[in-house]
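This is what each chain is made of:
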Amino acid sequence: MIRDPDLLDQLLDTISRFVRERLIPNEARLAEEDAVPPELLEEMKAMGLFGLSIPEEYGGLGLTLEEEALVAMAIGQTSPAFRSIFGTNNGIGAQGILIDGTPEQKARYVPRLATGELLSAFCLTEPDSGSDAASLRTTAVRDGDHYVLNGTKRFITNGPHADVFTVMARTDPHHKGAGGISAFIVEGDTPGLKRGPADKKMGQKGAHTCDIIFEDCRVPAENVIGGKEGQGFKTAMKVLDRGRLHISAVCVGVAERLVEESLHYAIERKQFGVPLAEHQLIQAMLADSKTEAYAGRTMVLDAARRKDAGEDVSTLASCCKLFCAEMVGRVADRAVQVHGGAGYIAEYAVERFYRDVRLFRIYEGTTQIQQLVIARNMVREVT
């Protein structure tokens, strides 16, 4: 749902210009330094990017999901690591508190997440529980007016720097499934919270992850999200539809950037005396990538509009995540192929994007998890 087309156009134009003039020229620096340049981080905060999906009453921009998807597509035109640093504040870092948090929790944390004063992280995955998130082993034992957390979380985006964590932990040791899990807000300087070394990853340099270790970490009981045990896994699932559609939109933006890179290279580079773009097999790859990127854009915007209209889009969100994450991988592969040997050289953006996009098929639920969600929902609807 787009509420004010003119205001949205102004926002998209501002963000597109920021991407084009500030972020794209700094992509190589981001990868080389493995960090978002501090001045760009401050510009992101000033533009309100940390509060895109946070309601205006808490200091955010309050975008609808369709508006957010269009912004994500614009941001997707550059290195995914630029988006990653503020994406969690808009998604799983804030949405759980917004959806299920108490009024006090919302008032204390959400406004500072919206401005970027606080950087957030979401702690669900563990060394022995990834896709099977309901089997997590991190424990939270009540001790007076506190809970004592013990366990390890793995691959936590923003982990090295986050000021506040949303942590899923098992409060009922006798309930082995999702119903025994509760969600906690844990501040980054809480004694007993330790950060492992930053992970060395295949791609997405500048987007940092690490282990988060809890060793007798005492968390106030008032920090249970919603003030009620046993709701944590449900809270996590509630934010996934928006998160999966957001990532799908980013995939579309990256795919469109790769199509543009491939097209320009094919027009400028000559083989056998003519531009690559005049060779039919190159044209076929360009056409396939353009078509798939367009299909992804259409899917995401349709699902976002339905979500804004109040429909249950769990199946559609997984359809988008499944298609778009796989699609951008194919587009990146073709982009390297169109560039030939140059596509394997770090001087060209497609080499970096080829590595960066591989992660999209894994986080926010792997491709295989999306397949299971889609199929199970289909069966459930007719039985």
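Figured I'd write up the structure that's included with this text. Owing to the predicted nature of the structure, the values given are computational and were not obtained by experimental measurement. (Residues numbered from 1 in each chain as written. Predicted model: local features only at pLDDT ≥ 70, side-chain atom pairs only at ≥ 80, totals over all residues. Heavy atoms only, no water.)

What about the overall build of the protein?
And then number 1: Within the protein one finds 13 helices and nine strands.
And then number 2: Whereas a compact globule of 383 residues would reach a radius of gyration of roughly 21 Å, the protein reaches 21 Å, a difference of no more than 12%.
And then number 3: Summarising its shape, the C-alpha atoms of the protein cover approximately 80 × 55 × 45 Å along the three principal directions.
And then number 4: The buried share among the 383 residues of the protein stands at 54%.
And then number 5: Sequence separation of 24 or more characterises 75% of the internal contacts of the protein that already satisfy a separation of 6 or more.
And then number 6: Considering the protein, the positive charge centre built from 44 side chains and the negative charge centre built from 54 side chains are found 4 Å apart. (Helix = DSSP H or I, 4+ residues; strand = E, 2+ residues; numbered from the N terminus. Rg over C-alpha atoms; globule rule 2.2 N^0.38 Å. Buried < 20%, exposed > 50% of the residue type's maximum accessible area, 1.4 Å probe, protein only. Contact = heavy atoms within 4.5 Å. Lys, Arg positive; Asp, Glu negative; His and termini not counted. Charge placed at Lys NZ, Arg CZ, Asp CG, Glu CD.)

Concerning the nonpolar core
And then number 1: Ranked by size, the top nonpolar core spans 61 residues in total, and within it Met44 and Phe360 carry the most contacts.
And then number 2: Within the residue set of this core, elements represented by two or more residues are helix H1 (5-23), helix H3 (38-47), helix H4 (65-75), helix H5 (80-90), helix H9 (240-268), helix H10 (280-308), helix H11 (314-339) and helix H12 (349-356).
And then number 3: A total of 10 residues in this core trace back to one element, the largest contributor, which is H9.
And then number 4: Among the nonpolar cores identified, the runner-up in size contains 24 residues, and Leu113, Phe122, Ala183 and Ala236 belong to it. (Core = buried A, V, L, I, M, F, W, Y, C linked by side-chain atoms within 4.5 Å.)

Some thoughts on the packing of H1 against H4
Pairs of packed helices are described in terms of their axes, by the angle between the two and the distance that separates them.
And then number 1: The geometry of H1 relative to H4 is characterised by a closest axis approach of 9 Å and an angle of 20° between their N-to-C directions. In terms of axis orientation, H1 runs roughly parallel to H4. For the pair H1 and H4, the crossing hand works out as right-handed. Of the residues in H4, those touching H1 at Leu8, Leu11, Leu12, Ile15, Ser16 and Val19 are Glu67, Leu70, Val71, Ala74 and Ile75.
And then number 2: Looking at the contact of H1 with H4, its residues break down into nine nonpolar, one polar and one charged. (Axes fitted to C-alpha atoms, helices over the stretch in contact; angles between N-to-C directions. Parallel < 35°, antiparallel > 145°, perpendicular 65-115°, else oblique. Left-handed = near helix turned anticlockwise from the far one by under 90°. Nonpolar A, V, L, I, M, F, W, Y, C, P; charged D, E, K, R; others polar.)

A closer look at the pairing of strand S5 (residues 181-187)
And then number 1: With respect to burial, S5 is a largely interior element, six of its seven residues being buried.
And then number 2: Bridge analysis of strand S4 (residues 164-170) against S5 gives seven bridges, and the strand direction is antiparallel. Its bridge partner being in S5, Phe165 is matched across the sheet by Val186. (Pairing = 2+ DSSP bridges.)

Considerations on the environment of Arg218
And then number 1: Within the element layout of this structure, Arg218 appears in strand S7 (residues 209-220).
And then number 2: With a relative accessible area of 37%, Arg218 lands in the partly exposed category.
And then number 3: Sequence spacing of Arg218 and Leu40 is 178 residues, and the spatial spacing of their C-alpha atoms is 35 Å.
And then number 4: Those residues in contact with Arg218 that lie beyond four places of it in its chain are Asp143, His146, Tyr147, Val148, Thr190 and Pro191.
And then number 5: There is a polar contact of 2.8 Å between the side chain of Arg218 and the side chain of Asp143. (Polar contact = N/O pair within 3.5 Å; in protein donor to acceptor, adjacent residues only side chain to side chain.)

So, H5
And then number 1: Across the 11 residues that make up H5, a large majority, 11, are buried.
And then number 2: Within H5, burial applies to Pro80, Ala81, Phe82, Arg83, Ser84, Ile85, Phe86, Gly87, Thr88, Asn89 and Asn90.

As for the pairing of strand S3 (residues 146-157)
And then number 1: In this structure, strand S2 (residues 139-143) lies alongside S3, joined through five bridges in antiparallel fashion. Across the sheet, the residue bridging to Arg142 is Tyr147, located in S3.
And then number 2: The turn joining S2 and S3, which pair antiparallel and follow one another in sequence, is formed by two residues; a positive phi near 70° is taken by Gly144.

Details of the packing of aromatic side chains
And then number 1: According to the stated counting rule, one finds four aromatic pairs in the structure shown.
And then number 2: The positively charged end of Arg352 is found above the aromatic ring belonging to Phe353, 5.4 Å away from the centroid. (Phe/Tyr/Trp six-rings, centres within 6.5 Å; stacked < 30°, edge-to-face > 60°. Lys NZ or Arg CZ within 6 Å of the ring centre and 35° of its normal.)

As for the side chain of Lys321
And then number 1: Within the secondary structure layout, Lys321 lies in helix H11.
And then number 2: One buried charged side chain, Lys321, makes no salt bridge at all; its nearest oppositely charged neighbour is Glu364, positioned 7.4 Å away.
And then number 3: Among the polar contacts made by the side chain of Lys321, one reaches the main-chain carbonyl oxygen of Tyr363 at a distance of 3.0 Å.
And then number 4: Residues in contact with Lys321, not counting those within four places in the same chain, are Arg244, Ile247, Ser248, Phe360, Arg361, Ile362, Tyr363, Glu364, Gly365 and Gln370. (Salt bridge = Lys/Arg side-chain N within 4 Å of Asp/Glu carboxyl O.)

Things to note about helix H7 (residues 103-115)
And then number 1: Taking 1.5 Å as the rise per residue, H7 with 13 residues should run 18 Å; its terminal C-alpha atoms sit 19 Å apart, in good agreement.
And then number 2: Listing the buried residues of H7 in full gives Gln105, Lys106, Tyr109, Val110, Leu113 and Ala114.
And then number 3: Buried residues in H7 make contact with H5, helix H6 (95-100), strand S1 (120-123), S4 and S5.
And then number 4: Residue Gly116 follows H7 closely and has a positive phi angle near 90°. (Expected span 1.5 Å × (residues − 1).)

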